[in-house]
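# An overview of the molecular structure
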Amino acid sequence: MSGKSRRDFLKSTALIGAGVTGLTTTAKAGPQNILSEDRMGVLVDTTVCVGCRNCEWACKDAHNLPAGNLEDYEDRKVLDTKRRPGTDALTVVNEYSHGKNSSLPIDVKVQCMHCDHPACVSACIVGAFTKHENGTVTWDTDMCIGCRYCMAACPFQVPAFEYDKALNPMIMKCDFCFDRTKEGKLPACVEICPVEALTYGKRSDLIKIARDRIKRNPDKYVDHILGETEVGGTSWMYLASKDFAELEFPKLGKNPAPGVSESIQHGIFAYFVPPISLYALLGGIMWITKRRKELDEEVK
Amino acid sequence: MKKFLALILVLVFTIGINAQQSPGKDHSKLNLSCKTCHSCDVPTKSDPCLVICPREKITTVYQKPEQTPELITINQLSDRYGPVYFSHKIHAQMSIMSGGCENCHHHNTSGPILKCNSCHETSRKREDVSIPDLKGAYHRQCMDCHREWSHETGCNSCHTLKKDLKDTKNESLQKKYSGKDHPVIIEPTKLVYETKSDKGKLVTFYHDDHTKKFGLNCTSCHKQESCTKCHDVNNTDKSKNQKVVTKKTFEDQHSNCISCHSKTENCSKCHGEKTLEPFDHGKKTGWALNKHHINLSCAKCHGSKLPYNKLDNKCLSCHKGWNAENFKHSITGLQLDEMHSELSCEDCHTDGNFGIKPSCDGCHDDYSFPKQKPGKLVK
């Protein structure tokens, strides 16, 4: 044997082991404070939005997607069909009839809501999604394996997949202009909006502002801030003059979306009680049937 | 006694001064920025640091549109685009029937006109995001109306790209708007509304009667009109019956009429299966208006209080000072001859009732008006 005794070997392995666990614990000990009081959000006031679609242009421009000329976005015919955010446009504006006033349609900007408890983060099997302290939900294209679980998990059906790409297709969605906000800039859509229908600020402030607007104009708004409590709260929140279901928002409960899948999964394996009792039950049935057979044979 | 008088005088004087200067005990609770009147942060009784009030020079929101600037150049935020030239006076004239100056100059105190940027910050990235920034505020003011009637939201309807900018634009626009008023609004004579009422589908509204005969101002009814009432690129045919499709409550729908026509009035007064006749004083009251009365406003005789009082047809009820000496009979179209002008009114107009045929019986045995006349007809 070399100069090292068995005792030394055990010591060093114990130390390495402790180090590794130490490392992993520090990595896990720093999960970001995703429900920070200072997390940011956007309040979309659909009663203010004029449907100019400048946000669509600014978004593409900021994300190096083919954007074209800003002037071309004046064509309102695009609004005749309902669109969804996709790989070529991370945000889109859809138009709905006002009902009361035909000359004033309701325009609704659609993009990732940046949930407080994002289902995509919990569904992603490779951990490519991250919820940041400032509210943003981003994903790492290098880690993404293209399983599209995030698309299935998202309650707002936002993530899009580059189906048209044969090689290395990726998931695409609004990243809340994470790179811009890091530099202290505003999200591109917020910055360009001519009427400031998009208000960027602390989520807690935005809720107060939204409540105040509803209180001051009870005839103008429905008394509902979409995103305040839906699926546990979202960073992007909406005000509207008519029921959100009529604006094609999904009807969602207050429980966080990952809660459903997680509770099922966790429930099945909690303290191993359910599996053990299941096996015990099966074992019991086996034992009873076996015993019955034996009794039958004895009778014969 | 003198002392007492002097005391009273002093007392009245001090009260007078206080009444002029003090804005009231609780004025700090008013919806007014302290800075409107005080220059320092903490005004005290001994040092109220009042700003000098240039009352004569103040431009308030309570001005006639004609006194306001014709053209305003908005160039505070021009980056991509050149300045925007806003025809202020014409817009002010249009605003009379849609909320007035306060429609745009909202939350303005009774003092001077506040600039938009005194409340709306120029930077979008800011601490307090409860009110829109300057860019948002400007665009909301313009686009809220413009997109309603033009159905457009393009930037180019107001903005010119900097590269396309011509130096002469300002001058030519100034020329275009100088002395220009909003065209006179052509009033409709008769409007027929098609309603869903089961008590008569059609409502005939004689607009002319209400403005010219009854002397209503435009703003008595048109208070919060939408721009699309007149301006709408999609609305081409205005001659058809206007269908009233409304989700307003009964009260809201009738509020304009009910402010004059009492609620208890019969529905059929306005609602009918056919279009209704215009108002006729003779048919309605049995007293046709002659040429002297036809052009008077209703209030001249009936007073301004609504609903109008019913009057009798005795001339003296209104013309209280008239008597045989000062009344020029020729005004009735009949100039009395010398003999008859000596008589008192009651000699022919028995009981002082001028509405019925005069009687000659007092002096003549077989004379009767108008076969025999007590003078000659004049025009």
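Everything discussed here concerns the structure shown above.
To start, this report covers the structure provided alongside it.

## Structural notes on unusual backbone geometry
Residues and elements named next belong to chain A. If you check the backbone angles, F176 has positive phi at about 55° while not being a glycine. With respect to the helices and strands, the residue F176 is situated in the loop between strand 7 (171–172) and helix 5 (178–182). A positive phi angle, near 60°, is found at E248, a position not held by glycine. Looking at the element boundaries, E248 is found in the loop between strand 9 (236–239) and helix 8 (257–269).

## Remarks on the interface of chain B and chain A
Between chain B and chain A, the contact holds 26 residues from the first and 33 residues from the second. A buried area of about 2300 Å², summed over both sides, lies between chain B and chain A, and 51% of it is on carbon and sulfur atoms. At the boundary of chain B with chain A, the tally comes to four salt bridges. Put simply, R126 of chain B and E196 of chain A hold a salt bridge, and the shortest N to O gap is 2.9 Å. For the pair chain B and chain A, the number of links is 12 residue pairs in polar contact (both at pLDDT 80 or more).

## Some thoughts on the environment of D75 of chain A
With respect to the helices, strands and loops of the structure, D75 of chain A is situated in the loop between helix 2 (54–62) and strand 2 (92–96). Sequence separation between D75 of chain A and R53 of chain A is 22 residues, and the spatial gap between their C-alpha atoms is 9.4 Å.

## Overview of the pairing of strand 2 of chain A
Residue and element names in this part refer to chain A. Extensive coverage of strand 2 is indicated by the burial of five of its five residues. Sheet topology places strand 2 next to strand 3 (residues 106–110); five bridges connect them, and they run antiparallel. Paired with N94 across the strands is V108, a residue of strand 3.

## Overview of the pairing of strand 3 of chain A
Burial within strand 3 of chain A is extensive, with five of its five residues counted as buried. Because side chains alternate across strand 3 of chain A, one face comprises the buried residues I106, V108 and V110 of chain A, and the other comprises D107 and K109 of chain A, equally buried.

## Structural notes on the environment of C221 of chain B
All names here are of chain B. By secondary structure assignment, the location of C221 is in helix 6 (residues 218–221). Relative accessible area serves as the criterion here: at 27%, C221 is assigned to the partly exposed category. The spacing of C221 and S255 is 34 residues in sequence and 9.3 Å in space, taken between C-alpha atoms. In contact with C221, not counting residues within four places along its chain, are L216 and N256.

## Here we look at a nonpolar patch on the surface
All names here are of chain A. A contiguous nonpolar patch, built from I125, V126, M143, I145 and Y149 and spanning about 470 Å² of accessible area, is present on the exposed surface. Along the chain, I125 turns up in the loop between helix 3 (119–123) and strand 4 (129–131). Take I125: its relative accessible area is 53%, and that puts it in the exposed class.

## Focus: the packing of aromatic side chains
Residues and elements named next belong to chain A. Taken as a whole and assessed by the stated rule, the structure comprises six aromatic pairs over all chains. Ring plane angle 90° and centroid distance 5.9 Å describe the contact between F176 and Y200, whose orientation is recorded as edge-to-face. On the criterion of sequence distance, the pair formed by F176 in the loop between strand 7 and helix 5 and Y200 in strand 8 (residues 198–202) is long-range, its members being 24 residues apart. The pair formed by F176 and Y200 is uniform in burial state, with each residue classed as buried. Summarising the aromatic geometry, the rings of F176 and W236 are spaced 5.7 Å apart at their centres and angled 55° between planes, so their arrangement reads as tilted.

Cut-offs applied
- Residues numbered from 1 in each chain as written.
- Chains lettered and ligands numbered in written order.
- Predicted model: local features only at pLDDT ≥ 70, side-chain atom pairs only at ≥ 80, totals over all residues.
- Heavy atoms only, no water.
- Helix = DSSP H or I, 4+ residues; strand = E, 2+ residues; numbered from the N terminus.
- Contact = heavy atoms within 4.5 Å.
- Buried area = accessible area lost by both parts, 1.4 Å probe.
- Salt bridge = Lys/Arg side-chain N within 4 Å of Asp/Glu carboxyl O.
- Polar contact = N/O pair within 3.5 Å; in protein donor to acceptor, adjacent residues only side chain to side chain.
- Buried < 20%, exposed > 50% of the residue type's maximum accessible area, 1.4 Å probe, protein only.
- Pairing = 2+ DSSP bridges.
- Patch = residues over 30% accessible without salt bridge, like charges linked within 9 Å, V, L, I, M, F, W, Y side chains within 5 Å.
- Areas by Shrake-Rupley, 256 points an atom, 1.4 Å probe, with all protein chains shown as cover.
- Phe/Tyr/Trp six-rings, centres within 6.5 Å; stacked < 30°, edge-to-face > 60°.

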